[in-house]
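# Working through the structure, step by step
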Protein chains: 2
Amino acid sequence: MGDAPGSAEDRLIARYFKPLAKDPRALGLTDDCAVMTPPAGYDLVLKTDAIVGGVHFLPDDPPETIGKKALRVNLSDLAAKGAVASGFLLVLALPAGFDEAWMEAFARGLGEDAEAFGAPLLGGDTVRTPGPVMVSISIFGTVPHGTMVTRMGAKIGDLVMVTGSIGDAVLGLKLLREPQLETSWGLVPNHRNHLVTRYRLPQPRNALAEATRAHASAAMDISDGLVGDLGKLCAASGVSADISVWDLPFSAAAQSALKSHPLLSEEMLTEGDDYEIVCTVPPSKLDAFRSAASTAGVPIAEIGRIVAGNAAPRFLDRDGRSLFFIRTSFSHF
Amino acid sequence: MGDAPGSAEDRLIARYFKPLAKDPRALGLTDDCAVMTPPAGYDLVLKTDAIVGGVHFLPDDPPETIGKKALRVNLSDLAAKGAVASGFLLVLALPAGFDEAWMEAFARGLGEDAEAFGAPLLGGDTVRTPGPVMVSISIFGTVPHGTMVTRMGAKIGDLVMVTGSIGDAVLGLKLLREPQLETSWGLVPNHRNHLVTRYRLPQPRNALAEATRAHASAAMDISDGLVGDLGKLCAASGVSADISVWDLPFSAAAQSALKSHPLLSEEMLTEGDDYEIVCTVPPSKLDAFRSAASTAGVPIAEIGRIVAGNAAPRFLDRDGRSLFFIRTSFSHF
């Protein structure tokens with residue numbers, strides 16, 4: 001069968017992906033399918049998300065962060081549902097003449113995160129494309145039966161909480177596209193690097209999954225902007241929300257950019273790539289949730305309250321005026 | 001939130017994909033994840049396969065067959081593992097300015113097959129791409145615990161069986177790329193249409209899944225050509241095989257092309273897209289397997305026998321000479 005076992009595709013899989021697939025459910029990537037025995041008493045939580053070169057990452061982003069980002073955007077959904085990651089399937093579409101160094105770094109980054117987040121590679125498909133690199137991941141997690149946190153449980157009076165900070169990634173993307181903004185925004189290099197890293201390497205809040213499951217009445221991850229995503233959560237729950245814009249958690253870097261360019265707040269709240277959790281917590285559970293978040297080392301902020309109604313959530317400034325957003329959400333189409 | 005609920009992306013999902021996601025596990029596509037309670041006593045069988053425009057299908061293929069093909073190449077793997085399909089996740093990458101009529105037909109084809117094969121849409125992601133259309137599907141099936149058919153169980157003396165017919169799809173692709181071949185191969189229009197349809201619409205053998213699980217010692221689906229794929233099965237089982245080329249099942253259309261161009265057999269056996277099952281069956285189970293296949297309405301053919309050794313399977317002509325293949329398998333790289 002030729003001068004080496006199998007085809008060039010087989011060798012690519014053996015070289016770069018077999019080392020990531022030591023989990024017995026992956027069968028060493030030598031069979032058609034992976035196979036798993038679901039744990040008794042648990043539900044499986046399923047998600048798929050893809051990232052595309054030139055759309056979700058830039059062609060010259062470091063390949064190790066591309067592999068990590070592809071996995072992290074999926075991990076983030078599991079975290080918001082209160083699920084513990086179990087494993088994933090990978091589709092990697094590569095242009096002709098891909099670079100071995102690129103592949104090596106991509107697989108290394110992916111493998112590091114698979115290990116760090118406890119989600120091994122279980123199977124996959126490598127295909128050629130005349131288009132840009134595309135990474136499509138399907139991830140599986142578990143929750144005790146019947147306990148997945150949905151978008152539907154928010155109740156009037158619940159507090160609206162978000163993890164981490166909002167709007168960094170969109171600023172990081174803008175800086176990568178227009179490097180001169182660093183000067184015009186008056187950023188120090190540390191701040192510039194923080195924002196760029198937040199774009200390339202989301203920090204999925206899987207450490208908060210268990211606390212979210214225990215204490216949140218509804219939750220989702222913020223991938224298309226806080227305004228639109230919170231709007232979806234409220235719509236699914238049949239409620240509205242009043243959000244205090246001055247309570248939103250902004251990083252020091254983002255605050256620095258906002259100081260000179262306050263209008264950036266619109267993009268920061270309505271574009272995507274935050275990969276933070278927004279959730280609603282009944283007042284009776286707030287202390288326990290805060291304490292669990294502190295133990296998990298995940299910063300959380302209280303940003304508002306669920307109210308009656310079916311209008312879009314209001315984002316209120318200090319004078320009680322509701323901000324108007326031209327477009328509430330990132331959309332591909 | 002604008003003149004219609006949600007973004008253009010939300011409307012696309014609501015219009016084309018919500019009708020395919022009536023299964024309660026899909027949560028109406030309104031949450032971050034799907035959720036399912038795995039049936040007790042069963043294992044989950046997991047697979048992902050993607051198809052790319054210009055690589056796995058032609059840009060002017062009918063959109064309804066593109067949706068069907070994307071699902072069927074995944075269903076085919078489940079069939080070969082003896083698994084019953086349970087549901088799937090979809091990633092659809094679309095170029096800018098996609099056509100509504102295209103989308104409507106794509107989703108209709110996908111929905112028809114999801115219904116026909118009992119595998120509902122459970123979740124997905126639609127993204128924009130500067131490249132061609134790409135459809136990435138992850139599928140889940142079930143088998144009673146511990147009974148998934150692997151590639152590893154073939155034993156010396158087992159019979160090698162294949163379903164359907166081999167080599168049609170590669171001829172269909174050649175006809176689509178070079179229409180004048182129809183005349184040069186001396187095909188009647190019926191034969192031309194048969195071959196093209198076999199390329200665009202594989203016939204996954206899910207009706208034979210249960211029989212494969214009950215009777216086969218090893219199995220896989222043929223996606224990259226019989227020669228290379230059987231070689232993989234034999235390597236995984238630590239055996240070899242002697243195959244009688246004259247026992248291979250060729251369709252009347254393929255036989256007609258082969259009569260004038262015998263060298264086509266090389267491509268028919270070493271290129272891909274058959275999506276038939278090749279499996280090994282102990283002689284003691286052959287009658288039961290044949291009977292189950294007949295009941296399922298799936299044609300099967302006995303093409304050879306597992307033998308000792310670790311050499312690649314031999315494909316023997318009537319004079320006992322072993323055919324030589326320049327390249328044994330389709331490879332993307």
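A few points on the structure. These numbers were taken from a predicted model, which means no experiment stands behind them. (Residues numbered from 1 in each chain as written. Chains lettered and ligands numbered in written order. Predicted model: local features only at pLDDT ≥ 70, side-chain atom pairs only at ≥ 80, totals over all residues. Heavy atoms only, no water.)

Here the focus is the overall build of chain A. Scanning chain A from N- to C-terminus turns up 11 helices and 11 strands. Computed over its C-alpha atoms, the radius of gyration of chain A comes to 21 Å, within 12% of the 20 Å expected for a compact globule of 333 residues. Once the C-alpha set of chain A is aligned to its principal axes, its extents read approximately 75 × 55 × 35 Å. By residue count, 61% of the 333 residues in chain A fall in the buried class. In chain A, the share of contacts with a sequence separation of at least 24, taken over all contacts with a separation of at least 6, comes to 86%. For chain A, the exposed surface amounts to about 12,500 Å²; the carbon and sulfur share of it is 54%. Distance from the positive charge centre (30 side chains) to the negative charge centre (39 side chains) of chain A: 3 Å. (Helix = DSSP H or I, 4+ residues; strand = E, 2+ residues; numbered from the N terminus. Rg over C-alpha atoms; globule rule 2.2 N^0.38 Å. Buried < 20%, exposed > 50% of the residue type's maximum accessible area, 1.4 Å probe, protein only. Contact = heavy atoms within 4.5 Å. Areas by Shrake-Rupley, 256 points an atom, 1.4 Å probe, with all protein chains shown as cover. Lys, Arg positive; Asp, Glu negative; His and termini not counted. Charge placed at Lys NZ, Arg CZ, Asp CG, Glu CD.)

A few words on the interface of chain B and chain A. At the junction of the two partners, chain B supplies 68 residues and chain A supplies 68 residues. Across the chain B to chain A interface the summed buried area is about 5,600 Å²; carbon plus sulfur atoms make up 65%. Applying the counting rule to chain B against chain A returns 10 salt bridges. For Lys81 of chain B, the salt bridge goes to Asp32 of chain A, with nearest N and O atoms at 2.9 Å. Connecting chain B to chain A are 28 residue pairs in polar contact (both at pLDDT 80 or more). Ranked by the residues each element gives to the side of chain B that touches chain A, the list is headed by strand S2 (residues 42-52) of chain B, at 10 residues. Taken together, the residues of the side of chain B that touches chain A break down into 36 nonpolar, 18 polar and 14 charged. Both strand S2 (residues 42-52) of chain A and strand S1 (residues 34-36) of chain B contribute to a ladder of 3 bridges, which runs antiparallel. Bridged to Leu44 of chain A within S1 of chain B is Met36 of chain B. (Buried area = accessible area lost by both parts, 1.4 Å probe. Salt bridge = Lys/Arg side-chain N within 4 Å of Asp/Glu carboxyl O. Polar contact = N/O pair within 3.5 Å; in protein donor to acceptor, adjacent residues only side chain to side chain. Nonpolar A, V, L, I, M, F, W, Y, C, P; charged D, E, K, R; others polar. Pairing = 2+ DSSP bridges.)

For the rest of this paragraph, the subject is the packing of aromatic side chains. Aromatic rings considered in pairs are described by the distance between their centres and by the relative angle of their planes. Applying the stated rule across the entire model yields 3 aromatic pairs over all chains. Between the aromatic rings of Phe140 of chain A and Phe140 of chain B, the centroid separation amounts to 5.7 Å while the plane-to-plane angle is 90 degrees, which identifies the pairing as edge-to-face. Pair noted here: Phe140 of chain A is in strand S5 (residues 134-144) and Phe140 of chain B is in strand S5 (residues 134-144), and the two residues belong to different chains. Phe140 of chain B matches Phe140 of chain A in its accessibility class, with the two residues each being buried. Measuring from centroid to centroid gives 5.2 Å for Trp102 of chain B and Phe106 of chain B, while their planes differ by 10 degrees, and the two rings are stacked. Of this pair, Trp102 of chain B and Phe106 of chain B both sit in helix H3 (residues 100-116), 4 residues apart, which is roughly one turn of that helix. (Phe/Tyr/Trp six-rings, centres within 6.5 Å; stacked < 30°, edge-to-face > 60°.)

It is worth spelling out the packing of helix H4 (residues 168-177) of chain B against helix H6 (residues 189-200) of chain B at this point. All names here are of chain B. Direction vectors running N to C along H4 and H6 enclose 105 degrees, while the axes themselves pass 7 Å from each other. Put simply, H4 runs roughly perpendicular to H6. Contacts between H4 and H6 involve Asp168, Ala169, Leu171, Gly172, Leu173, Leu175 and Leu176 from the first element and Arg192, His194, Leu195, Val196, Arg198, Tyr199 and Arg200 from the second. Looking at the contact of H4 with H6, its residues break down into 8 nonpolar, 2 polar and 4 charged. (Axes fitted to C-alpha atoms, helices over the stretch in contact; angles between N-to-C directions. Parallel < 35°, antiparallel > 145°, perpendicular 65-115°, else oblique.)

Next up on the list: the side chain of Ser251 of chain B. Residue and element names in this part refer to chain B. Topologically, Ser251 is positioned in the loop between strand S8 (240-244) and helix H9 (252-260). A distance of 2.6 Å separates the side chain of Ser251 from the side chain of Asp168, its partner in a polar contact. Those residues in contact with Ser251 that sit more than four places away from it in its chain are Ser165, Asp168, His194 and Leu195.

With that out of the way, let us pick up the sheet that holds S5 of chain A. Taken in spatial order, the 5 strands make up an open sheet running S4(A)-S3(A)-S5(A)-S2(A)-S1(B), and their pairing is mixed. At either margin of the open sheet sits one strand with a lone partner, and together these are strand S4 (121-128) of chain A together with S1 of chain B. Neighbour-to-neighbour, the strand axes of the sheet open up by a mean angle of 20 degrees, direction not taken into account. Along the sheet, helix H1 (residues 8-17) of chain A contacts strand S3 (84-94) and S4 of chain A; its crossing angle with S4 of chain A, the most-contacted strand, is approximately 140 degrees.

This next bit is on the pairing of S4 of chain A. Residues and elements named next belong to chain A. Counting buried positions over the 8 residues of S4 gives 6, a clear majority of the element. Alignment of S3 against S4, held across 7 bridges, turns out to be parallel. Counted as the bridge partner of Phe88 is Leu121 from S4. Taking the sense of rotation as the criterion, the β-α-β connection linking S3, helix H3 (residues 100-116) and S4 turns out right-handed. (Right-handed = clockwise from strand over helix to strand, strands pointing away.)

This part covers the pairing of S2 of chain A. Each regular strand displays side chains that alternate between the two surfaces of the sheet. Residues and elements named next belong to chain A. Counting buried positions over the 11 residues of S2 gives 10, a clear majority of the element. With 11 bridges connecting them, S2 and S5 associate as antiparallel partners. By the bridge assignment, Asp43 is partnered in S5 with Val143.

Time to look at the sheet that holds strand S7 (residues 218-222) of chain A. Residue and element names in this part refer to chain A. On the basis of which strands lie adjacent, the open sheet formed by 6 strands has the order S7-S9-S6-S10-S8-S11 and mixed pairing. Each end of this open sheet is capped by a strand with a single partner; those strands are S7 and strand S11 (314-316). Going from strand to strand, the sheet's axes swing by 25 degrees on average, the running direction of each strand aside. Bridge analysis of S7 against strand S9 (residues 276-281) gives 5 bridges, and the strand direction is antiparallel.

Once that is clear, we can look at unusual backbone geometry. With glycine set apart, most residues show a phi of negative sign, and most peptide bonds adopt trans. Located in the positive-phi region is Leu27 of chain A, a residue other than glycine, with phi close to 50 degrees. Its location among the elements puts Leu27 of chain A in the loop between H1 and strand S1 (34-36). Classification of Leu27 of chain A as partly exposed rests on a relative accessible area of 23%. In the Ramachandran plot, Tyr275 of chain B falls in the positive-phi region, its phi being about 50 degrees despite a non-glycine side chain. Relative to the assigned elements, Tyr275 of chain B resides in the loop between helix H10 (264-270) and strand S9 (276-281).

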